[in-house]
Amino acid sequence: MTTTQLGQSQEAVTLADSTSTSRRSRDVGFLILLWTSLLLAIATLAALLINTLVTGATTLSWEFVTWFPSPFPEDSGIQSALFGSLWVTLTSGVVSLVVALGTAIYLEEFTNPNSRLQRFITTNIQTLAGVPSIVYGILGLAFVVRGPLGWGFTVGAAAATLTMMVLPLMIVATREALKAVPPSLREGSYALGATRWQTVYRQVLPAARAGIATGSILGVSRAMGESAPLILLGALAYVSYNPSGFDSDFTVLPLLIFKWSTEVQEEYRTLAAAAIIVLLLLLFALNLLAIIIRDRSRVKW
Amino acid sequence: MSQTVAAREVSLRPSGHIRRQRRIERGVVALLIMIASSGVIITSGIVISLVQPTWEFFTERAISGYGTEDEFVGLDESAETGVRDSSALEFADESQIQFEEPVSLGEFFGSTEWYPQYGDGDFGVWPLLVGTFLIMLTASIVAVPAGIGIAFFLNQYAKERTRRIMKPVLELLAGVPTVVFGYFALFFVGPNIAAKIWPFSDVGIYSGLAAGITVGLMILPMMATLADDAMAAVPNSLVEGAFALGATKREVCTGVILPAGLSGIMAAIIIALSRAIGETTIVLLAAGSQAVWTFDLGREMQTMASYIGFAGIGDQPVDSKGYQTIFAVGLLLFIVTFALNVLSRRVVARFREVYE
């Protein structure tokens, strides 16, 4: 009995000793490691932005934005890619928002959280969210570009493919937005005699508006930056005209950046950097919009 | 008297207005069910679009050309339009058709030669598997420790001001398109980092190392955010109890938060790795276009995903074995990422410590 007590007190003495020296230095070492990992993220972002700006800023001009891609680097611009990105992104944004909203409303407002159906659909959406984007390219290739639909490499085919790709993301975002609406709002509506759909349409959706908007903006920016499935879908040619409809040929900014990055000549590298600056500016603007919407409509329930 | 009772009974029946409401309600539900099933349709579409051509790849012969050995005529034209036999057979007699034999599973999984586009083609998928593994490994060496470190920092050390700076940095980094990372890998990470830190061989313009590092940087914000979420789920009472016993912040991080949040952190790692495996554009730009059977990260290599993108750019006839590899490799990639995602959910469910 006494011996064990003695042993414990000796241990306590060694612990107290280590507090002053090795324990403290290990604390400091740990903090340095944490700062290193933090700096890695900051340095990556800084290096990426600075490297791109230094390479591309001199090429960036009004001509660059308004001219069309061309086989000659000095005459190249990005107008058709800008319009292509606009067409594809807006189309897939609107379509995926409608589908995601419908799915989210059905799951959140019309089914029991523990029902087998809801678990099945939820698991399925989680699975889809984990599918690599290039596999959506294969899906688009097999069903939309060739196969049953046979649309070819058109605005419509690309928009359909990107819609399927961002859909899981959008569903998760819109579900979160609906979940954030407090149940008391719904119950109040039911108590006044409203049906489920009336409650959703007149109470829940307006209350979740901001969350839905920010979620869909993030989905849209994902679609705007995506390149992998489109690389697979079709030609990486320089398209020198703007899209005229859903059945029109097109290119988008990420594809043009990819194409320019693979060219051997040095000039194309600066073109790619300049196009990256434009793409990043667009994406930052979208994200800023999402943040503004989020801050403006912050409601405390 | 009796008349009012009757009137009341009549009024108990739903009015026209309410019946119309119910019709709307039923219509809305039907419409929503249709929309909600789209996810299931997409999943089935993915499986069908992968499995069917893969089945052909392993079981059916593909027509590779018409004519005799001496006057070989390529099939590009007719393959492009999907016309497979009838018109072409009129001028080529049966014996002159050249076939590509189906690729056996033994060759696919047993060979280390991957040259699907040359001549008869070699279809051993191992170079792609090794490339995928090596790049995933490099990415995880970059992203996993740093991601957990950032999460520790945000969770325990960061003051409000640091948090307000770090969160947007991570969000911005997470929002950078992969093609931009690809450019960064090819023109910055390759020459400035990969070429300088690799001691074993000369690093070329295209290297698995540059691609792997950059993929790691790409998944870093996701890794950090998911690990931060997992750590935030550790109950405060545990953390405060440890502090009350005299633990330092480091000891709380490694002794309390890490083990208590381990299931979530493991799940975060698995999800991040699955993103790394599926990454196409960065690897396609930075790691070159040859599937080399090598373990040297300084050389060119291809992953499953980047091969699919590469084959998509190429102009192989649609019915050829070389083209069908897109789907066979795609199915393999799908299975691997799917298994990882199931695993991450299992890890969370299985090893979650439940606290009151």
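About the cut-offs
- Residues numbered from 1 in each chain as written.
- Chains lettered and ligands numbered in written order.
- Predicted model: local features only at pLDDT ≥ 70, side-chain atom pairs only at ≥ 80, totals over all residues.
- Contact = placed C-beta atoms within 7 Å.
- Helix = DSSP H or I, 4+ residues; strand = E, 2+ residues; numbered from the N terminus.
- Nonpolar A, V, L, I, M, F, W, Y, C, P; charged D, E, K, R; others polar.
- Axes fitted to C-alpha atoms, helices over the stretch in contact; angles between N-to-C directions.
- Parallel < 35°, antiparallel > 145°, perpendicular 65-115°, else oblique.
- Domains from an automatic or database assignment.
- Core = buried A, V, L, I, M, F, W, Y, C linked by C-beta atoms within 7 Å.
- Buried ≥ 20, exposed ≤ 12 C-beta atoms within 10 Å, placed from the backbone.

Asker: A description of the interface of chain A and chain B should follow, citing residues and the corresponding values.
Answerer: At the interface, 62 residues of chain A touch 65 residues of chain B. Of all the elements, helix α2 (residues 22-56) of chain A adds the most residues to the side of chain A that touches chain B, at 15 residues. Split by residue class, the side of chain A that touches chain B holds 41 nonpolar, 17 polar and 4 charged.

Asker: Which residues make up the packing of helix α6 (residues 133-145) of chain A against helix α3 (residues 38-59) of chain B, and what values go with them?
Answerer: The axes of two packed helices give the description: the angle between them and the distance between them. For the pair α6(A) and α3(B), the least separation of the axes is 9 Å and the interaxial angle reads 75 degrees. Comparing the axis directions of α6(A) and α3(B) gives the class roughly perpendicular. On the side of α6(A), the interface is formed by A:Val135, A:Ile138, A:Leu139, A:Ala142 and A:Phe143, while α3(B) contributes B:Gly45, B:Ile46, B:Ser49 and B:Leu50. When grouped by side-chain class, the residues that make up the contact of α6(A) with α3(B) number 7 nonpolar, 2 polar and no charged.

Asker: Describe the domain arrangement of chain A, and please don't skip the residues or the numbers.
Answerer: Residues and elements named next belong to chain A. Partitioning chain A into structural domains gives domain 1 (2-56) and domain 2 (63-296). Distance from the C-alpha centre of domain 1 to the C-alpha centre of domain 2: 41 Å. Listed per partner, the contact involves 4 residues of domain 1 and 6 residues of domain 2. Across the side of domain 1 that touches domain 2, the residue classes tally to 1 nonpolar, 3 polar and no charged.

Asker: Just give me the short version of the nonpolar core, but keep the residues and values in it.
Answerer: In terms of nonpolar packing, the biggest core is built from 179 residues, with A:Ile138, A:Ile257 and A:Ala275 touching the most fellow members. In this structure A:Ile257 touches A:Ala272, A:Ala275, A:Ile276, A:Leu279, B:Val179 and B:Tyr183, once residues within four positions along its chain are discounted.

Asker: For helix α15 (residues 304-313) of chain B, give the residues involved together with the corresponding values.
Answerer: Burial analysis of α15(B) places 9 of its 10 residues in the buried class, the great majority of the element. Residues B:Met304, B:Ala305, B:Ser306, B:Tyr307, B:Ile308, B:Gly309, B:Phe310, B:Ala311 and B:Gly312 constitute the buried set of α15(B).

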